Amino acid sequence: MYQVRTYTSADFEAWNAFVAQSRNGTFLFHRHFMEYHADRFHDASLCVEKNGQLCAVLPAHQIEEALYSHYGLTYGGLVLSKGLHFSEVLAIFKALLAYAATQGFTTLYLKEIPPFYCCEFNGDLAYLMQLCGAKIHRADLLATVNLRQPLAISKTRRESIRRGQKNGLTIVEETHFEAFWHTLLIPNLRNRHQTQPVHSVEEITYLHQKFPKHIRHFNVYEGAQLVAGTTVFDTRRVAHPQYVAADQRRSETGALDFLYHHLLTEVYADCEVFDFGISNENQGKQVNSGLQFWKESYGAQPVVQHYYQVPTAHHTHLSQVLL
């Protein structure tokens, strides 16, 4: 009933059109976004069709005999058509596992998309993970604010927001990333975490040009001096700060709290969720308590994102599910 095949460049337009109308796709699954770092990953994305029409896609890459739900993306998983019955999702996932097994993949590593990104409930996939004996090999803790509820900002944060107002800070949305990247972001990540941004300034500029409505950047100035900034990925349902950095006077000026109060109450007030993202370190095994506390002081609540390890041979486990 379902045919599975490997994605080719000829599928570019059809893939993008499908993602745009899917129940759980976002602009991160657009091929322009996936392929900006094509040199880092051996793409092995899959397409599932019924009667010649796409009904599911899997953004994925290959490492030896393992198929990975694309680790170049913040989230992943199987992207599905709207309105599918459970029996159809079951058959699609069974066919996908079976195809992966025939292609020599012994294991599928599936990184789920958090449920608040989906326009339809997505619990059938989590249920199928249990049925096919998937192992949770990692879990990350996301901090999310429900923007449909009154904001529960702590007294400490409100004091810091007022500090930013008293200091005469200004917020400017910008289309150039160089000053923030080189003045704040790169030095912060290097000095505090001994790492560097996932995206180079050239890459984020390219992505912004491709997705100007989905990737927005805001800088905070004290007079003419750049003191803080953030780059936000906006799916229209969810706003997620991909990068944030401030100078060493952040507590004194209140720059970050001034900025995020503006984002929550003005810029993204019409979104459903503000996703602060993870505070995890060491592959999800530890939590940066200071960072987590800062997010919770905005009323952020926990949501877990699971990473599954699925033996592809276990497609046989799905043969006797329906009575």
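What counts as what
Residues numbered from 1 in each chain as written. Predicted model: local features only at pLDDT ≥ 70, side-chain atom pairs only at ≥ 80, totals over all residues. Heavy atoms only, no water. Helix = DSSP H or I, 4+ residues; strand = E, 2+ residues; numbered from the N terminus. Rg over C-alpha atoms; globule rule 2.2 N^0.38 Å. Buried < 20%, exposed > 50% of the residue type's maximum accessible area, 1.4 Å probe, protein only. Contact = heavy atoms within 4.5 Å. Lys, Arg positive; Asp, Glu negative; His and termini not counted. Charge placed at Lys NZ, Arg CZ, Asp CG, Glu CD. Pairing = 2+ DSSP bridges. Axes fitted to C-alpha atoms, helices over the stretch in contact; angles between N-to-C directions. Parallel < 35°, antiparallel > 145°, perpendicular 65-115°, else oblique. Left-handed = near helix turned anticlockwise from the far one by under 90°. Nonpolar A, V, L, I, M, F, W, Y, C, P; charged D, E, K, R; others polar. Salt bridge = Lys/Arg side-chain N within 4 Å of Asp/Glu carboxyl O. Phe/Tyr/Trp six-rings, centres within 6.5 Å; stacked < 30°, edge-to-face > 60°. Lys NZ or Arg CZ within 6 Å of the ring centre and 35° of its normal. Arc of directions from axis to C-beta.

J.: I'd like a description of the overall build of the protein chain, backed by residues and values.
T.: In terms of regular secondary structure, the protein chain is built from 10 helices and 17 strands. Taken against the 2.2 N^0.38 rule, which gives 20 Å for 323 residues, the C-alpha radius of gyration of the protein chain at 21 Å falls within 12% of a compact globule. Expressed as lengths along the three principal axes of its C-alpha atoms, the size of the protein chain is roughly 65 × 35 × 35 Å. Looking at the protein chain residue by residue over its 323 residues, the buried ones come to 52%. Restricting the contact set of the protein chain to residue pairs at least 6 apart, pairs at least 24 apart contribute 74%. For the protein chain, the distance from the average position of its 28 positive side-chain charges to the average position of its 30 negative side-chain charges is 5 Å.

J.: Outline the environment of A17, listing residues and values.
T.: Structurally, A17 is set in helix α1 (residues 12–21). Linking A17 and L54, residues 37 residues apart in sequence, is a C-alpha distance of 9.9 Å.

J.: Please provide a residue-by-residue account of the sheet that holds strand β3 (residues 46–50), values included.
T.: Taken in spatial order, the four strands make up an open sheet running β1-β3-β4-β7, and their pairing is antiparallel. With one partner strand each, in any of the chains shown, β1 (3–6) and β7 (79–80) form the two edges of the open sheet. In this fold α1 packs onto β3, β4 (53–58) and β7, with an angle of close to 85° to the strand it touches most, β4.

J.: Just give me the short version of the packing of helix α3 (residues 86–102) against helix α4 (residues 123–131), but keep the residues and values in it.
T.: Put simply, α3 and α4 touch, their axes get as near as 10 Å, and they point 50° apart. As the angle between them shows, α3 and α4 are arranged oblique. Taken as a pair, α3 and α4 cross one another with a handedness that is right-handed. Together, F86, V89, L90 and F93 of α3 and D124, L125, Y127, L128 and M129 of α4 make up the contact between the two elements. Taken together, the residues that form the contact of α3 with α4 break down as eight nonpolar, no polar and one charged.

J.: Got a sec to walk through the pattern of salt bridges? Specific residues and values, please.
T.: Tallied over the entire structure, the rule returns 12 salt bridges. In this structure, D43 and R31 form a salt bridge, with 3.0 Å as the shortest nitrogen-oxygen distance. Of this pair, D43 sits in strand β2 (residues 42–43) while R31 sits in helix α2 (residues 31–35); the two residues are 12 residues apart in sequence, bridging distant segments of the chain. The class of R31 is buried, set by a relative accessible area of 1%.

J.: Lay out the packing of aromatic side chains in plain terms, naming residues and giving numbers.
T.: Inspection of every chain in the model, using the stated rule, returns 25 aromatic pairs. Judged by centre distance (5.4 Å) and plane angle (50°), the ring pair of F27 and F211 falls under tilted. One end of the pair, F27, is in the loop between α1 and α2; the other, F211, is in the loop between α7 (201–210) and β11 (215–222), with 184 residues separating them in the sequence. F211 gets classed as buried once you look at its relative accessible area, which sits at 6%. Taking 6.0 Å as the distance between ring centres and 90° as the angle between the ring planes, the aromatic pair formed by F177 and W181 counts as edge-to-face. A single burial state applies to F177 and to W181, both of which are buried. Ring pairing ties together the aromatic residues F27, F33, Y36, F211 and F233, which thus form one cluster. When the ring centre of Y7 is taken as origin, the NZ or CZ atom of R31, which lies over that ring, is 3.7 Å away. In this arrangement the basic side chain of R31 is found over the ring face of W15, its NZ or CZ atom lying 4.8 Å from the centre.

J.: Can you lay out the pairing of strand β9 (residues 135–146) for me, pointing to particular residues and giving the numbers?
T.: With nine bridges joining them, β9 and strand β17 (residues 301–311) adopt antiparallel strand pairing. Pairing of A139 across the sheet is with H306, part of β17. In the sheet, β9 pairs with strand β14 (residues 273–278) via five bridges, with the strands oriented antiparallel. Across the sheet, the residue bridging to T144 is D275, located in β14.

J.: I'd like a description of unusual backbone geometry, backed by residues and values.
T.: Comment: phi is negative for the bulk of residues other than glycine, and the bulk of peptide bonds are trans. Even without glycine at this site, Q194 takes up a positive phi of about 55°. Its location among the elements puts Q194 in the loop between α6 (178–193) and α7. In this structure, Q283 is a non-glycine residue whose phi angle is positive, near 55°.

J.: Describe the packing of helix α5 (residues 155–166) against helix α9 (residues 255–267), with residues and values.
T.: Axis separation between α5 and α9 bottoms out at 7 Å; the angle between their running directions is 100°. Taken as axis vectors, α5 and α9 run roughly perpendicular relative to one another. Seen from α5, the contacting residues are R157, S160, I161, G164 and Q165; seen from α9, they are D257, F258 and H261.

J.: Describe in detail α4, supporting the description with residues and values.
T.: For α4, the set of buried residues is D124, L125, L128 and M129. Projected onto a plane normal to the axis of α4, the buried residues spread over an arc of 150° and lie on a single side. Among the structural elements, β7, α3, β8 (107–111) and β17 are those in contact with the buried residues of α4. Taken from the residues just after α4, G133 is the one with a positive phi, measuring 70°.

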